[in-house]
Amino acid sequence: MIRKTLQNTAKAVGKAAAVPARVVAAEQALRGNDELLAALSTSTAGLDEAQITERLHRDGPNEVAHEKPPHWSRQLLRAFKNPFIVVLLVLAGVQLGTDSSDLAGPLIIGAMVSISVLLSFIQEYRSSRAAEKLKAMVRNTATVTRRASDGHSERIEVPVAELVAGDIVHLGAGDMVPADLRLLSAKDLFISQAILTGESLPVEKAAPSAHGMVVAEAANPLDLSSVCYMGTNVISGTATAAVVATGARSYLGSIAHTLSGERVQTSFDRGVRSVSWLLIRFMAVMVPVVFLINGLDKHDWLQAFLFALSVAVGLTPEMLPLIVTANLAKGALAMSKRKVVVKRLNAIQNFGAMDVLCTDKTGTLTLDRIVLERHLDLDGEASGEALEFGYLNSRFQTGLKNLMDKAVLAHRNLEPMAARFQLVDEIPFDFQRRRMSVVLSGGDGQHLLVCKGAVEEMLAICTAARQDGIDVPLTDARRAEIRAMTRHLNEDGLRVLVVAVKRENPSGRTYGLADEAGLTAIGCLAFLDPPKDSAATAIAALRQHGVAVKVVTGDNEAVTRKICREVGLDVSHSVQGRDIDALDEAALDGVVARTTVFAKMSPLQKARVVEALQRQGHTVGFLGDGINDAPALRAADVGISVDSATDIAKESADIILLEKNLMVLEEGVLEGRVTFGNIIKYIKMTASSNFGNVFSVLVASAFLPFLPLLPLQVLVLNLLYDISQLTIPFDRMDEEYLTKPRKWDASDIGRFMIWIGPVSSIFDVTTFLLLWHVFGANSAAHQSFFQSGWFIESLLTQTLVVHMIRTRRIPFLQSVASAPVLALTGAIITIGLAVPFVAFGTKIGMVPLPTAYFGWVALTVLTYCALTQLVKLLYIRRYGRWL
């Protein structure tokens, strides 16, 4: 029912202007809890289905403006927003205005524009719809209390879009705040508001009873300590809150128009754009030259003008946006079949350019199935007491239970023991303290504080140690012995947590961080997360393809080094987070360059490592799934997360893995390189072919008493050549191309054009001489024969250049194109050879050619292929690259 309501109201709601978030948040921030709940017509028991349905109708889904696919009509119009399409339309208009009786030229240009625009539109429309469907597989949820149909309250997970004003929401570490919330109660709650303020440090939030004056005096809505805003995220602590504003009525919704829109262009976008304008400038210079030469030489300025327009059409790579979109969409589709959701199409190309992958350890290198391997006292002997206290800590915490908590709770035989206790309070986990505590009452009149956390952080707050059932002072010497014992466990690949307790008389107050002092250390819990069998293979495959793997984790250094060693990573250099805090950028760059293992890293330290790698010219990918990974995910060129990740991690990522597997990443890297390679193929084919054609036209225009091709013939030739390239996105790449990262190099395009373009011109000139001297097409009376002959030779060489440029190897012998490329280029060659012999050819001024001519053409084409291969080898030897 609720889902249906959402679908019916999503379109109707949201068109109205958003209510200013300042008014909504400020008014609710000043109310007491009872007054707030009354104003929202809700209670701590939650809303029932009828109330939820009514509010969804009233307010609409809890969504703010974001980059949704535009309406199909806008997408179609956007397909015309391309410099090459505009040039073609202008040329068609000019030609139509110059000679309105001849519609053939404008019609052919119209066909070229239609093919490019319609295919681009269809490809973009399909890919955007597919992307939305893929994104729907990755859903963010919120924990709420709602009333079931029988009236009882239950805590359930619901999609964020289904939240309504008055819902009672529960927050824990790692959650994204799903709407604008007014806190009803909070415990050590710290919120990162970086998405709204840019401030990296988290701010403390509390219910109004604790901070009433601060709330009343807050000048900025973001300073309201009792309000949590949609889109921010929980760093640590827990809270219960009421939803006061959703969707467009939220603070984020009111400013969403400034946050949504086009992303900053990547280097790839800028590269494609620079090549586009390079070709347009080239056309702007050469077309007037062709016009002037023909006009001055032939004295037919109208014909010269129409020919120059046709040359301009021939120089226009109008299929470029289609080829780029089709390549990226094909890559996204291929990756979706491997359980990879691409949130941003351009991230596929960045995958191909990635040369450093920073990854967490847990679940990526390891099985992510932690088991409690040992429970020990402080001397390293088995201890049931350490397990019991550890169980109580994991059992009663209300925040996000991690894998180690779940491993402890697998000992269900301890549940009867835990049933004797009740939760009084808790001090939630955070990434600075690296520990969490619960306060319990067990019927003995005292409160029991049970704390569990990382070794160093726990030893720092303990003043006693339990030894043979007696609590003795914890001396520095004893601390050293415990560290040595836990270090030995770490070296065996075990992660160690220390358990400690403290008993106190009830005081009726709220417990806080200050209570985590004077504890008695009880023992250790040792967990094992063995490496995946596939991890070593995946790392070797990534290394073989030029991607270095660095492990950046908040975990223990000794454990991390052992796991990394087992999966084949170099662990000769490793550092901890505290070691890089004092380093400036230059010193950090040096450390990061030689280090593979980064342990005990905080969120900001992880981001610093990513930025240091980027300063050194690397394209960096970051794979993470925790709230502590969000800054690094945003900083990376390719942010990669998993479906099971925290909300903020998924929002920060460009790519979502539906299963956490490095082998999938290796496939993504290769797919990115194939995508990039096929785009570069088209650009280099077009640039070099256009340059060669203009060079040939200039030579012919200067020495022939007639036009080398009629304007209409130029248009037909260009249309056939464009169609022959439509299957390039479905081509394969040679294995050697995939072995190293590929980055955009605009300078290589111009260099390639100058080297390869004139090769075709050489054979165009030999064809001119052949037609002039051997076949006698040396006067205006025989120009149709000349034009038909050059049409055939030009089409064959231009189409075959697709096969010559697509590989650095010898085409057809060492590297064969994919079946779609072979089929389409073969079809275009067949059509081109037939044109002079059919009625259409006669209509555009062509005549049948003798059989002898085709023997000469075959020799020309073979010699052309041989010379192109020779130039290719020289180019590779000089510049070390081809594509």
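Residues numbered from 1 in each chain as written. Predicted model: local features only at pLDDT ≥ 70, side-chain atom pairs only at ≥ 80, totals over all residues. Heavy atoms only, no water.

Re the overall build of the protein
- The number of helices and strands found in the protein is 34 helices and 23 strands.
- Among the 883 residues that make up the protein, the fraction classed as buried is 56%.
- A separation threshold of at least 6 residues defines the contact pool for the protein, and within that pool the share at least 24 residues apart is 74%.
- A total accessible area of about 36,000 Å² is found for the protein, and carbon and sulfur atoms account for 58% of it. (Helix = DSSP H or I, 4+ residues; strand = E, 2+ residues; numbered from the N terminus. Buried < 20%, exposed > 50% of the residue type's maximum accessible area, 1.4 Å probe, protein only. Contact = heavy atoms within 4.5 Å. Areas by Shrake-Rupley, 256 points an atom, 1.4 Å probe, with all protein chains shown as cover.)

Observations concerning helix H25 (residues 603–615)
- Along its 13 residues, H25 runs 19 Å from first to last C-alpha, staying within 8% of the 18 Å computed at 1.5 Å per residue.
- Where H25 is concerned, the buried positions are Pro603, Gln605, Lys606, Ala607, Val609, Val610, Ala612 and Leu613. (Expected span 1.5 Å × (residues − 1).)

Some details on the nonpolar core
- Within the largest apolar cluster, 104 residues are counted, with the highest numbers of intra-cluster contacts made by Phe307, Phe791, Ile805 and Trp882.
- At 13 residues, helix H28 (residues 662–703) tops the list of elements feeding residues into this core.
- Listed in part, the 33 residues of the second largest apolar core include Leu542, Val551, Val597 and Val638. (Core = buried A, V, L, I, M, F, W, Y, C linked by side-chain atoms within 4.5 Å.)

Looking at unusual backbone geometry
- Non-glycine residue Ser41 carries a positive phi angle of around 55 degrees.
- The topology assignment puts Ser41 in the loop between helix H3 (33–39) and helix H4 (49–59).
- The phi angle at Phe812 is positive, at roughly 70 degrees, despite the residue not being glycine.
- Along the chain, Phe812 falls in the loop between helix H31 (783–805) and helix H32 (819–834).
- For Phe812, a relative accessible area of 43% puts it in the partly exposed group.

Structural notes on H28
- With 42 residues, H28 extends 62 Å from end C-alpha to end C-alpha; this agrees with the ideal 62 Å at 1.5 Å per step.
- Of all 42 residues in H28, 35 are buried; the element is thus mostly enclosed.

Thoughts on the pattern of salt bridges
- For the structure shown, the criterion picks out 29 salt bridges.
- Here Arg509 and Glu504 are joined by a salt bridge, their closest N and O atoms 3.5 Å apart.
- Note on Arg509: relative accessible area 38%, which makes it partly exposed.
- The shortest N-O distance in the salt bridge between Arg509 and Asp515 comes to 2.6 Å.
- We classify Asp515 as buried; its relative accessible area is 8%.
- Here the residues in one salt-bridge network are Lys502, Glu504, Arg509 and Asp515, joined through shared partners. (Salt bridge = Lys/Arg side-chain N within 4 Å of Asp/Glu carboxyl O.)

As for the packing of aromatic side chains
- Counted by the stated rule, this structure contains 17 aromatic pairs.
- One aromatic cluster in this structure is built from Phe752, Trp755, Tyr875, Tyr879 and Trp882.
- The ring of Tyr511 is capped by Arg509, whose NZ or CZ atom sits 4.8 Å from the centre of that ring.
- Residue placement shows Arg751 over the ring face of Tyr879; its charged tip is 4.1 Å from the ring centre. (Phe/Tyr/Trp six-rings, centres within 6.5 Å; stacked < 30°, edge-to-face > 60°. Lys NZ or Arg CZ within 6 Å of the ring centre and 35° of its normal.)

Quick notes on the side chain of Arg434
- Counting through the fold element by element, Arg434 comes out in the loop between strand E11 (422–427) and strand E12 (435–441).
- Once residues lying within four places of it in the same chain are set aside, the contact partners of Arg434 are Phe429, Gly453, Ala454, Glu457, Arg495, Gly554 and Lys600.

A word on a nonpolar patch on the surface
- Where nonpolar side chains cluster on the molecular surface, the patch consists of Ile810, Phe812, Leu813, Val816 and Leu822 and spans about 440 Å² of accessible area.
- Relative to the helices and strands, Val816 resides in the loop between H31 and H32. (Patch = residues over 30% accessible without salt bridge, like charges linked within 9 Å, V, L, I, M, F, W, Y side chains within 5 Å.)

Details of the side chain of Ser394
- Relative to the elements of secondary structure, Ser394 occurs in helix H16 (residues 384–396).
- A polar contact of 3.2 Å, which involves the side chain of Ser394, links it to the side chain of Lys452.
- Filtering out sequence-adjacent residues up to four positions away, Ser394 remains in contact with Lys401, Asp405, Val408, Leu409 and Lys452. (Polar contact = N/O pair within 3.5 Å; in protein donor to acceptor, adjacent residues only side chain to side chain.)

Observations concerning the environment of Ser226
- Inspection of the secondary structure puts Ser226 in the loop between helix H9 (208–217) and strand E6 (227–228).
- Residue classification places Ser226 among the buried residues on the basis of a relative accessible area of 0%.
- C-alpha separation for the pair Ser226 and Leu30, spaced 196 residues apart in sequence, amounts to 8.7 Å.

Observations concerning the confidence of the model for the protein
- In this model, the protein carries an average pLDDT of 83, and 88% of its residues clear a pLDDT of 70 or more.
- Segment residues 1–23: pLDDT under 50, and 41 contacts once partners within four positions in sequence are set aside and those in other chains are kept.
- Low confidence marks residues 257–264, where pLDDT is under 50. Its contacts with residues over four positions away, or in another chain, come to eight contacts. (pLDDT = per-residue confidence, 0-100.)

Remarks on the state of the cysteines
- Taken as a whole, this structure holds zero disulfides when the rule is applied.
- Between Cys451, a cysteine without a disulfide, and Cys462, which holds the nearest cysteine sulfur, the sulfur-to-sulfur distance is 7.5 Å. (Disulfide = S-S within 2.5 Å.)

Here we look at the sheet that holds strand E8 (residues 340–342)
- In space, the eight strands of this open sheet follow the order E8-E23-E22-E21-E9-E18-E20-E19, with mixed pairing throughout. A single partner strand is all that each edge strand has here, and the edge strands are E8 and strand E19 (574–576). Strand after strand, the sheet turns through a mean of 20 degrees between neighbouring axes, direction not considered.
- One ladder, built from three bridges, connects strand E22 (residues 638–642) with strand E23 (residues 655–657); its direction is parallel. For Ile640, the partnering residue across the bridge sits in E23 and is Ile655.
- Lying on the sheet, helix H15 (residues 346–353) is in contact with E8, E22 and E23; it crosses E22 at an angle near 105 degrees. (Pairing = 2+ DSSP bridges. Axes fitted to C-alpha atoms, helices over the stretch in contact; angles between N-to-C directions.)

Quick look at the packing of H31 against H32
- The contact between H31 and H32 brings their axes to 10 Å, and the two run at 175 degrees. Comparing the axis directions of H31 and H32 gives the class roughly antiparallel. Every residue of H32 that contacts H31 at Phe791, Ile792, Leu795, Leu796, Thr799, Leu800, Val802 and His803 is listed here: Val821, Leu822, Thr825, Ile828, Ile829, Gly832 and Leu833.
- Of the residues contributing to the contact of H31 with H32, the split by class is 11 nonpolar, four polar and no charged. (Parallel < 35°, antiparallel > 145°, perpendicular 65-115°, else oblique. Nonpolar A, V, L, I, M, F, W, Y, C, P; charged D, E, K, R; others polar.)

Considering the pairing of E12
- The buried fraction of E12 amounts to seven of the seven residues, a majority that puts the element mostly inside the structure.
- Side chains Arg435, Ser437, Val439 and Ser441 project from E12 onto one buried face, and the interleaved Met436, Val438 and Leu440 project onto a second face that is buried too.
- Sheet topology places E11 next to E12; five bridges connect them, and they run antiparallel. Within the sheet, the bridge partner assigned to Asp425 lies in E12 and is Val439.

Section: the pairing of strand E14 (residues 462–467)
- Inspection of the sheet shows E14 paired to strand E17 (residues 519–528) by three bridges, in the parallel sense. Note that in E17 the partner of Cys462 across the bridge is Leu519.
- For E14 and strand E15 (residues 470–473), the ladder comprises four bridges, and the chain directions are antiparallel. Each bridged residue has a counterpart across the sheet, and for Ala464 the counterpart in E15 is Pro473.

Quick look at the packing of helix H14 (residues 320–336) against H28
- Two elements in contact, H14 and H28, have axes separated by 10 Å at closest approach and are oriented at 165 degrees. In terms of orientation, H14 lies roughly antiparallel with respect to H28. As for the relative orientation of H14 and H28, their crossing is right-handed in sense. Side by side, H14 and H28 meet where Leu320, Ile323, Val324, Asn327, Leu328, Lys330, Gly331, Ala334 and Met335 of the first sit next to Gly668, Glu671, Thr675, Asn678, Ile679, Tyr682 and Ile683 of the second. (Left-handed = near helix turned anticlockwise from the far one by under 90°.)

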